[in-house]
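Single-letter residue listing:
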Amino acid sequence: MPSVMIFIQFLQDPNGPHVNLLREAGLEVRFPPRPDITDEEENIRVLQGIAATIAGGEPYSRRVMAGLPDLRVISRWGVGVDRVDLEAVTHSNAVVTITPTANYEAVAEHAMALLLATSRFLVQKNDEIHRGLWKRTCSLPLREQTLGVIGLGRIGRSVALRAKAFRMRLLAHEAFPDRDFARRHDIELVDLDTLLAGSDYVTLHVPLTEETRGLINRQTISRMKQGALLVNTSRGGLVVEDDLVDALKSGRLGGAGLDVFVQEPIQRDHPLLELDNVLVTDHTAGIDTRSVEDMAVEAARNIVELYRGGWPATAVANPAVRNTWKW
């Protein structure tokens, strides 16, 4: 009986719906000795003989794949594949899937929460009142202000719809835009420089690739509006953190709401944590009680469909493997 290893701590319920789906398909379900494996050698050791994984943050590098000849499916819980070397996995004739329809609304809600909290200075005001202060300083409006959405995929579109309810003007930068969606919702598709120069708020919704790494840096920040606010619920590597710190200290940017960081967990002495115009959360934008279960079920369904000879095309991250892949 082929075995599936489930790494995500949230999902290690032996009676969860995702576990039942896998078992009903004739698959054995296992859990690792601990869910937070980051060492390549330990990952190779734990996954010996395993056919598929519901994967979290553990590494799938060329070295790991070379040590796991039985691994056929890496089913990512979420949409990020930055811990997966897609070229190495494809070379090993394994398939990578993601859960593209399960948590995008959770991320959009979190992005809006950060946008609201940073613009209204909620954390600062709360802290001041707890310290006995009553400053009553003005906050910033969202209505009739411009939101720049970098990345107009599922998450970006979902954020745009929510921002529209606040009567925000919308700019978007997207390599492969849904032009019909943009037209229907009065979203102006622009180049990156135009978006940065014209936005009061900027929110990031692109994957971390070699092209997008360090997208927000000293140069791009210099093109942003004075006092603009930045929200990042995508990947920490999109932002050069030292440059962001400098911009926040100088007042070049008015604030930032960050759910992701270059190094996670963020270190307690990180300069970002010394700034009172920064609101941080712990890479939980896509995690709420509903999305946790939805991602688990979708990840399990991807494995089951592949096991039964199907091909979940919209979820496969390395489609080049299709003609040679087999269980």
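Residues numbered from 1 in each chain as written. Predicted model: local features only at pLDDT ≥ 70, side-chain atom pairs only at ≥ 80, totals over all residues. Heavy atoms only, no water.

**Observations concerning the overall build of the protein**
So the rule is basically this: To qualify as a helix, a DSSP run of H or I must reach at least 4 residues; to qualify as a strand, a run of E must reach at least 2; elements of each kind are numbered from the N terminus. Contacts between residues were defined by any pair of non-hydrogen atoms, one from each residue, lying within 4.5 Å. Where accessible areas are quoted, they stem from the Shrake-Rupley method and a 1.4 Å probe; at the residue level, only the protein chains shown are allowed to cover.
Of the regular secondary structure elements, the protein holds 12 helices and 12 strands. Considering only C-alpha atoms, the protein reaches an extent of 65 × 45 × 35 Å along its principal axes. The long-range share in the protein, meaning contacts at least 24 apart out of those at least 6 apart in sequence, stands at 63%. If you sum the accessible surface of the protein, you get close to 16,000 Å²; carbon and sulfur atoms cover 49% of it.

**What to know about the packing of helix 5 (residues 104-119) against helix 7 (residues 154-165)**
Which entries qualify depends on this criterion: The axes used here are C-alpha line fits, helices contributing only the stretch in contact, and every angle between their N-to-C directions lies in the interval 0 to 180 degrees. Here roughly perpendicular refers to angles of 65 to 115 degrees, roughly parallel to angles under 35, roughly antiparallel to angles over 145, and oblique to all remaining angles. Two helices crossing with the near one rotated counterclockwise from the far one by less than a right angle form a left-handed crossing, whereas a clockwise rotation gives a right-handed crossing. Think of it as three bins: nonpolar holds Ala, Val, Leu, Ile, Met, Phe, Trp, Tyr, Cys and Pro, charged holds Asp, Glu, Lys and Arg, and polar takes everything else, Gly as well.
Axis separation between helix 5 and helix 7 bottoms out at 8 Å; the angle between their running directions is 50 degrees. Taken together, the axes of helix 5 and helix 7 are oblique relative to one another. Our pair here, helix 5 against helix 7, has a crossing hand that is right-handed. On helix 7, the residues that touch Tyr-104, Glu-105, Val-107, Ala-108, Glu-109, Ala-111 and Met-112 of helix 5 are Arg-154, Ile-155, Ser-158, Val-159, Arg-162 and Ala-163. Class assignment of the residues belonging to the contact of helix 5 with helix 7 gives a composition of eight nonpolar, one polar and four charged.

**A closer look at the pairing of strand 6 (residues 146-150)**
Here is the key point about a regular strand: its side chains alternate between the two faces of the sheet. Cut-off, in case you're wondering: For each residue, the accessible area found with a 1.4 Å probe, counting protein chains only, is set against the maximum for its type, and the residue is called buried under 20%, exposed over 50%, and partly exposed in between. Should DSSP find at least two bridges between two strands, the strands are regarded as paired. Orienting the strands away from the viewer, one traces the path from the first strand over the helix to the second; a clockwise path indicates a right-handed crossover.
Among the five residues in strand 6, five count as buried, and that is most of the element. Of the two faces of strand 6, the one holding Thr-146, Gly-148 and Ile-150 and the one holding Leu-147 and Val-149 are both buried throughout. Sheet topology places strand 6 next to strand 7 (residues 169-173); five bridges connect them, and they run parallel. Within the sheet, the bridge partner assigned to Val-149 lies in strand 7 and is Ala-172. The parallel pair strand 6 and strand 7, bridged by helix 7, forms a crossover whose chirality is right-handed. Bridge analysis of strand 6 against strand 9 (residues 201-204) gives four bridges, and the strand direction is parallel. Residue pairing for strand 9: Ile-150 is matched across the bridge by Leu-204.

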